[in-house]
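Observations on chain architecture
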Amino acid sequence: NPNDGTQVYSGTGISCTVSNLQDSIHYCFAVYAIAKNGKYKEPAVKDYIPEIYPKYSYTGNHTLVKDENDHWRIKFLSSGVLTWLSPDAEIDVFLVGGGGSGSAGGGGGGYTQTHQKQILEKNQMVQIYVGAGGEDGSGGTSYYGNLYAQGGTSTRLNGIGGDGGSGGGGGERGSDPYNPSGTAGRGGSDGGNGEDLSSYSYGGRGQGRTTREFGEPEGALYSGGGGGRDLYGGAPGGEGTPVIAAHGASAGSLRGGGPGGGYGGGGGGSSSGKSKGAQGIVIIRDARA
């Protein structure tokens, strides 16, 4: 009857819009024609289960993020196979490669790539690889199907910082006659180069464009370059947002450097062995204008 449930419309219009429905909840709608004397006919009834957020399965570690205005993102934190169970969708893809390892100089942050308006069909299966952080060399490549972003490179000869999404800072190597104070270079941030270490050792090259999520000005920041090694403590890595903590690691003191922070961060400069870069990440979302 008309008093059963929640009234969402009353009037003489031929359509209405009902807002604030919840994802995957079974709703029953009834439309009544009511006479002036209060009598009503049997209603026209429709069942409806809104699918606001995607239905899928994934064999690896992942998380679904529910954004404002019914938008969504899926973050893939380890490698696996995605099976899409929702209807065909248009998506954006964001990839971050693993960070390169650091030694004297900082490792380069993983490269980033954004691909917009990709088609994902119902029941389609997609192989996803999340690039590992480099332990003694470059970071691993991240893949979404045949789309990819390469890992950052490790420190080069003479303490030159690794290349990548953001460049690693230059670092001293043993007794540097051109750098007696041992001051090391900072890692690059947001696609920038790592800081040079006088004329003796240079910072690595960044990709020259933003490393923010989906390439957007307000997106979370990834792939900071690692800071170069110095004699008196750590040079900061490339900066990131607090939530993602996408810093390249600061360089260590003579005891060694720290691992790359966040996703895609380069390893910090180290005086003993190698400093591992951070793993990459793959993110998809509903396509945005």
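Here the structure is a predicted model, which means the values were calculated and not measured. (Residues numbered from 1 in each chain as written. Predicted model: local features only at pLDDT ≥ 70, side-chain atom pairs only at ≥ 80, totals over all residues. Heavy atoms only, no water.)

**Digging into the overall build of the protein**
Along its length, the protein carries zero helices and 14 strands. Looking at the protein as a whole, 46% of its 289 residues are labelled buried. Counting contacts in the protein only where the partners sit at least 6 residues apart, residues at least 24 apart contribute 59% of the total. For the protein, the computed accessible surface area is about 14,500 Å², with 48% contributed by carbon and sulfur atoms. (Helix = DSSP H or I, 4+ residues; strand = E, 2+ residues; numbered from the N terminus. Buried < 20%, exposed > 50% of the residue type's maximum accessible area, 1.4 Å probe, protein only. Contact = heavy atoms within 4.5 Å. Areas by Shrake-Rupley, 256 points an atom, 1.4 Å probe, with all protein chains shown as cover.)

**Considerations on the sheet that holds strand β8 (residues 112-120)**
Taken in spatial order, the five strands of this open sheet run β4-β5-β14-β7-β8, and their pairing is antiparallel. The two strands at the open ends of the sheet, each matched to only one other strand, are β4 (62-66) and β8. Geometrically, the sheet is characterised by an average inter-axis angle of 20 degrees between neighbouring strands, direction not taken into account. Here strand β7 (residues 89-96) pairs with strand β14 (residues 281-286) via six bridges, running antiparallel. Pairing of L95 across the sheet is with V282, part of β14. (Pairing = 2+ DSSP bridges. Axes fitted to C-alpha atoms, helices over the stretch in contact; angles between N-to-C directions.)

**Regarding the confidence of the model for the protein**
With 88% of its residues at a pLDDT of 70 or more, the protein shows a mean pLDDT of 87. Overall, residues 241-245 carries pLDDT values under 50, and its contacts beyond four positions in sequence, including any with other chains, amount to 12 contacts. (pLDDT = per-residue confidence, 0-100.)

**Digging into unusual backbone geometry**
Positive phi, close to 65 degrees, is recorded for S24, a residue that is not glycine. Turning to its location among the elements, S24 is positioned in the segment before β1 (27-31). The backbone phi angle of N123 is positive, close to 70 degrees, even though this residue is not glycine. Relative to the helices and strands, N123 is located in the loop between β8 and β9 (125-129). Classification of N123 as exposed rests on a relative accessible area of 51%.

**A short note on the pairing of β4**
In terms of strand pairing, β4 meets strand β5 (residues 72-76) through five bridges, oriented antiparallel. Opposite T63, over in β5, you have K75 as the bridge partner.

**Some words on the side chain of R285**
Turning to its location among the elements, R285 is positioned in strand β14. On the accessibility criterion, R285 (4% relative accessible area) is buried. Setting aside its immediate chain neighbours within four residues, R285 contacts W72, R73, E90, I91, D92, F214 and E216.

**Observations regarding the packing of aromatic side chains**
Inspection of the entire model under this criterion finds nine aromatic pairs. When the centroid spacing of 5.5 Å and the interplanar angle of 40 degrees are considered together, the rings of F94 and F214 count as tilted. Of the two residues, F94 is situated in strand β7 and F214 in the loop between β11 (147-149) and β12 (229-230); the sequence distance between them amounts to 120 residues. The burial state of F94 is the same as that of F214; both residues are buried. Judged by centre distance (6.1 Å) and plane angle (80 degrees), the ring pair of Y129 and Y143 falls under edge-to-face. You can see Y129 sitting in strand β9 and its partner Y143 sitting in strand β10 (residues 142-144), a full 14 residues away along the chain. Judged by its relative accessible area of 42%, Y129 falls in the partly exposed class. Residue Y143 is classed as partly exposed on the basis of its relative accessible area of 32%. Ring-pair connections join several aromatic residues into one group, and the members of that group are F94, F214, Y222 and Y263. When the ring centre of F214 is taken as reference, the NZ or CZ atom of R285 above it lies at 4.1 Å. (Phe/Tyr/Trp six-rings, centres within 6.5 Å; stacked < 30°, edge-to-face > 60°. Lys NZ or Arg CZ within 6 Å of the ring centre and 35° of its normal.)

**Looking at the environment of Q7**
Mapping Q7 onto the fold places it in the segment before β1. Sequence separation between Q7 and A30 is 23 residues; the distance between their C-alpha atoms is 9.6 Å.

**Points about the environment of S223**
By secondary structure assignment, the location of S223 is in the loop between β11 and β12. S223 gets classed as buried once you look at its relative accessible area, which sits at 0%.

**A closer look at the sheet that holds strand β3 (residues 56-58)**
The strands that make up a sheet pair up through hydrogen bonds in the backbone, lying either parallel or antiparallel. Taking strand neighbours across the sheet as the criterion, the five strands line up as β3-β6-β9-β10-β11 in an open arrangement whose pairing is antiparallel. Pairing within the sheet leaves two strands with one partner each, and these edge strands are β3 and β11. Across the sheet, the mean angle from the axis of one strand to that of its neighbour is 15 degrees, orientation sign disregarded. Of the strand pairs in this sheet, β10 and β11 are connected by three bridges, and their pairing is antiparallel. Bridging from a neighbouring strand, S142 pairs with A149 of β11.

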